[in-house]
Structure formats: structure tokens, C-alpha cells
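Chain by chain, the residues run as shown.
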Amino acid sequence: MTRAVQETRPLTEAQEGLWYFQALDPANPILNTGQYLELTGAVDLAALREAVARTIIESEALHLRFRTGSTGPEQWLQPGALSLSEVDLTAHPEAAAEALRQMQADTARPTDLAAEPVAAFTLFLLPDRVFLYERIHHLATDGYGIVLVSNRIGEHYGHLTGQGPEPLPFPPLSRADDEDAVYRNSPRRVGDAAWWREAMAGAPVVTSPGTLAGERAVSGHEFHRESLWLPEALTARLAAFSDQHGFGWPDVLTALTGACLARWSGVDGAGGEAVIGMPFMARMGRKIARLPCMAMNVLPHRVSPDEEAPLSDWLGHEVRRMREARKHGLYRSEQLRRDLGLIGGARRLYGPLVNVQPFDRAPVFSGLECRLHILGAGAVEDLTFTFRGDPVAGILFETDSNPGLYSAEETRNHGLRLMAFIEGALAAERLRDVPSASPDEIAAQDARALASRHPVPDVTLVDLIEAQMRETPEAPALRFGAVGLSYAELDAQTEALAVQLRARGAGPEQIVAVAMERSLELSVALVAILRTGAAWLPLDPDHPPERLARILAMAKPVLVMTSAAIAPLLPAEAPLFQPADWPADWPAQWHSLHPAPPLARPSGHSASGQRCMGQPRISFGNPI
């Protein structure tokens, strides 16, 4: 131990955010990172016990304690309390299940950070194998630090069994304090802060598939998990594609996952842009590169896919942006969130996490087969997509979700949908060619469509309306407030108007724009347009005149049916057609002379709103 025992030190910036998260909910065990190594073969138990003991001694982070001091949260080292436990299950009828139950129970137990060790190591002896369980609180070390600890146990085991050299000791934990102090007081931190504020300017409201209605994404005590191995054909294609274009395959996975999330997470005004969380090791090139400690940061990454661009071009752009962001990745996301005022309520800096961990593979134990099983990897506020391993050894794909936002079935479906999206993207020229649904979802939809097929008359909507007019001419067709039209009157008025519309160019393959208040005339106009064979284009008069002008310029309608009140909002050169210009036999005050006939049964359709969603209610009579 190089740091003085019992010497209290402030937390590093990387630890502070986790401390306050835990302090808000001390009973939440979600920051316990639990895993176990499944060892099969002729395990040398004495060597394994000694390997664990040596690793515990040299890993100072495992001896940390935390509390609130007089000036804020503080930490200190308290060695001697942590040692390897052992559970003999060789005679248990369900040894593996019992070991798993005990490990899960320990991972789910909150840790008293001031009174007990932040870590636990337990050896479970089974009839045919050994489980080595490891649980470390995230305040002590991040995911890469846990990998270092597990690998070190394997290195000591190899040395003790004569299969490898003695490993070099870990650097002192004081390096983490020193590196933190240097960065906090450096000009680089000031520059990084400015870079991030500019990068996040104008970012959309962060959302995700589970928070489209404004739900809060707050990590609970548990999470759903769905795990599967990516198919070998997919990992081979990923490696080949990345090598061909000079990209790192982790960046390709991250970018494609972000593109998929952008489709799932769109909200009004977001423009198809998603903000994902991108874990950053914050170690490379620093003195803590091989030190078990808490250093990891989560960087917000804005993803706005160009669905039309060649895939390699868009991915190249994304890879360059990710590389640039990592240059500024030491600036803590917790501080950036405060800088941007994203504190409280449902405001977030980023949405789902995309965590690619090429380093997270099973450690090597000489002469043994070792498999790594992850029980918990930290807080799950929303969705977390984790890719562990590499294309050569295999990639384990985990989808974790917040149970408050997603069901177990939804979690599984999101994972399958993403895997299908990645497969499709790597085989496509452009993202626009990639389905958003998984093959199973497409097949299910096709089956539902097939099951719903039945003979229908070969008629148009106009045919159906005209048939209703003939069958029930005296029945009420429309009602607007206290006035209305029968089907016979609707037939006469719409046919007379349709004649004038045809004379002005309306017909098949043509567009007639409509910008009118909700009224009897509006309904007559829409039916008349249908009877000409033209399509109508509804315009919202509440939109700015400039936007209405752009829409009309692009659509090029042959007519714009409007009213005297709305006409001033439209371009002067637009081909306006107002009720005053309608057929001479259209009585301007007709509806004031004919009270609405009572409906024989509840109306089939009604709508309300302002202007073309006008406040007065229109009801259609007998459904057609």
C-alpha cells in the first residue's frame, strides 16, 4: 500500500457522480458489478486461492471505503478486511443453480460503503468445476479495472502453476488522484468544456423508445437482460467491412446502433437525431492505463443518419466525429450536464448507452477452460446495448433495460431488431435500404396481413359515396352546428362544384390545395375534389405564410380552395378559388335556412380543432 492507510482523500471527478447517485438511494445495489469465472479442468485450488489473495493485496482500489466528511465525500484505504470466501457445494444436488442464487443475492445486496469492503470474492466448489465470483462497487473501479483484476488473478495462477512469469505489480492508486488533480487545474479542461458546449449546442430533447411520452429514465434496483452471441457470419462481415474501409469495428457497431436508435427515438423537432451515451475508457496515454480504479466517462454522441448517403461515406464521417470527441473525453459528462442546465425532471444529456468492450473477454488460466459470466455492470437508466469480445473470439451481445420503461419482451425485441438492423446495414449500400423491423416482426406482419385478406368490391371511395347518396337521398349527410345537408343536397352541391373544378384543371394526377375553416363548404369542397379524380392537399393556416408559400411552390396545385379570411395568408400569385366563385346556384345562405335534420344513429365521424381543424363540430351521418 503506497497511499497512507486511513488517510482521507477527496473523490476524483470520475467518482463524484457515482457517489451522489448512490447517496440519493443508498439501498440501491445497481452499482455492484458482479461476475463469475467458470473454471473447468484440473483446477489447482491452492494456486487459485493464492492467486486471489495476491491480487487482493496489490489492488488498492479493493480496499477503499467512502463516507461524507466535513468538506464533502471522502475516501480512504482500509486493508485487511477483504479475503476470499469459499462455499463447498460438491454434495449439493443443484450445485450450479445454488451457486448462482447466492451470487445473485450478493450482487443485489446494497453495500455499506463506510463500514464494509467495496468488493467480495467467493470460491464456489462444484462437483465438476469451480466458480470464482467477483463483486466490486463501481466507486472503486470501472469495467476495465475489473478486467484488470480478473486478468491479474489468471496471471498469478499461471505463475504459481509454473506456466507463466510473475506479473509486474499494479501502479499505486495515488496515480489516479494525481492524474485527476492535474486535469482539473489544466487549460486543457477549459478547452474541453468549450468544445463540448459547442458540440451540444442545439441538441434535440433526448428521448428513446421508452420515453417518447416524457417518462423519466431513472435507474432502478434491477434490470432486464437479454443475451445472445452475434452469428459468426455477422462478426466476420463486420470485421471484413471495417478492414476494407479502414474503420475500427467498435466504431462501426456504435455508429450503426446510433442510426437504429435515431429511427426508434424520433420526436417532433428532433429531425431523426438521437443522442446516445458512448462509454470512454479515459485511460489510454495516461499513467492510470493499467491501474484498477474508476476512470470511465460517458460521452454524449449525436447521431443524425444520412439515409441517402453511401454507407461507407456516412460511417467515415461518424468515425471521425467519435475520434474527435474522445480527444476531449476527460471532461466529465456530469459537469457537462450541469453546464447545459440539464438537471432535474426528464432532462438528460444522452439516451441509451452503446457500450462496445473489445477487452472484456474471459481471462486466461493456464491449463483450464475459463468462461466469463456477467451478472451486473452498473446503472441501467434506459437501454444499454453491450458488445463484449471481438470478431475472432466471438461477440456477446447484451440488451439491458430499465424495467420501469420496458418489459422483458420489449427488451428482447429491441435486441433482435438491432441485430437485424446491423446485419442489414453491413449488406446494404445505404441506410435507407435497411428495414427497421426484425425478420420475425416482418414475417408476423405479413402473416397478419395475409389472415386479414378477404374479397372486396372493385370500387373507389367516390363510388361508395355516390352509392350512399343514391340509397339514402333524404338521410342526413353532414351536420355543422345547427345546420346540415341531406345526401341528395350533398350530391347536387358537390357535382355542381366538381364541374367547375374540372373546368379549372382539376382531375386525375392533379392536386387541389385546401385552406379553409371547418365549415359546411369545406366538406362540400373535399367531396367535390374527390369526384373530379384529383387529390387534395390540406394546408394549415396556422403555419407561417412563408411555409405555406414553400409548400405551394413544391406541390404546384392547379387550384387553392380557400376562404376570404384565409386568402390574405397565401401567395398573391396562387390560383385561389373561394366560395364566392363557386356555382351560381350555391345559395350563400343555404345552411342558415335549413336546420340540421336529427341523426337517426350516432355519427360515424367527427373532428374538432381550430381553422381547418375548426372548433365547430362537423358530423357525418350514416357511415358509408
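Residues numbered from 1 in each chain as written. Predicted model: local features only at pLDDT ≥ 70, side-chain atom pairs only at ≥ 80, totals over all residues. Heavy atoms only, no water.

Colleague: Teacher, can you tell me more about the side chain of Thr122 here?
Modeller: On the secondary structure map, Thr122 appears in strand S6 (residues 119-125). The residues touching Thr122, leaving out its near neighbours within four places in the chain, are Leu84, Ser85, Glu86, Val87, Phe131, Leu132 and Tyr133. (Helix = DSSP H or I, 4+ residues; strand = E, 2+ residues; numbered from the N terminus. Contact = heavy atoms within 4.5 Å.)

Colleague: I tried to follow the sheet that holds strand S12 (residues 369-374) on my own but got confused; where do I start?
Modeller: Here we have five strands laid out as an open sheet, ordered S5-S6-S7-S2-S12, and mixed in their pairing. Taken across any chain shown, the strands that pair with only one partner, and hence form the sheet edges, are strand S5 (84-88) and S12. On average, each strand axis in the sheet is inclined to that of its neighbour by 20 degrees, with strand direction left out of account. Summarising the sheet, strand S2 (residues 32-40) and strand S7 (residues 130-137) pair through eight bridges and their orientation is antiparallel. Within S7, the position partnered with Glu38 by the bridge is Phe131. (Pairing = 2+ DSSP bridges. Axes fitted to C-alpha atoms, helices over the stretch in contact; angles between N-to-C directions.)

Colleague: Can you walk me through the domain arrangement of the protein chain in this structure?
Modeller: Where interface size is quoted, it is often the accessible area lost as the parts come together. Domains assigned within the protein chain are domain 1 (9-174), domain 2 (188-363 + 374-442) and domain 3 (461-598 + 606-611). Using only C-alpha atoms to locate each centre, domain 1 and domain 2 end up separated by 27 Å. At the junction of the two partners, domain 1 supplies 42 residues and domain 2 supplies 29 residues. Both sides of the domain 1 and domain 2 interface together cover about 2800 Å² of buried area, and 64% of this is carbon and sulfur. Linking domain 1 with domain 2 are two salt bridges. Taking the shortest distance from any N to any O, the salt bridge between Arg283 and Asp142 comes out at 2.9 Å. At the junction of domain 1 and domain 2, the tally comes to 12 residue pairs in polar contact (both at pLDDT 80 or more). Elements with a contribution of two residues or more to the side of domain 1 that touches domain 2: helix H1 (13-24), S2, helix H3 (95-107) and helix H4 (143-160). By residue number, the principal contributor to the side of domain 1 that touches domain 2 is H4, which donates eight residues. A per-class count over the side of domain 1 that touches domain 2 returns 23 nonpolar, 16 polar and three charged. (Domains from an automatic or database assignment. Buried area = accessible area lost by both parts, 1.4 Å probe. Salt bridge = Lys/Arg side-chain N within 4 Å of Asp/Glu carboxyl O. Polar contact = N/O pair within 3.5 Å; in protein donor to acceptor, adjacent residues only side chain to side chain. Nonpolar A, V, L, I, M, F, W, Y, C, P; charged D, E, K, R; others polar.)

Colleague: It is not clear to me how the sheet that holds strand S19 (residues 559-562) should be interpreted in this structure. Could you clarify?
Modeller: Either a parallel or an antiparallel arrangement is found when strands of a sheet pair, and the pairing is made through backbone hydrogen bonds. Taken in spatial order, the four strands make up an open sheet running S18-S17-S19-S20, and their pairing is parallel. The sheet is open, and its two borders are formed by strand S18 (535-538) and strand S20 (576-577), each paired with just one other strand. Sheet topology places strand S17 (residues 511-515) next to S18; four bridges connect them, and they run parallel. Its bridge partner being in S18, Ala513 is matched across the sheet by Leu537.

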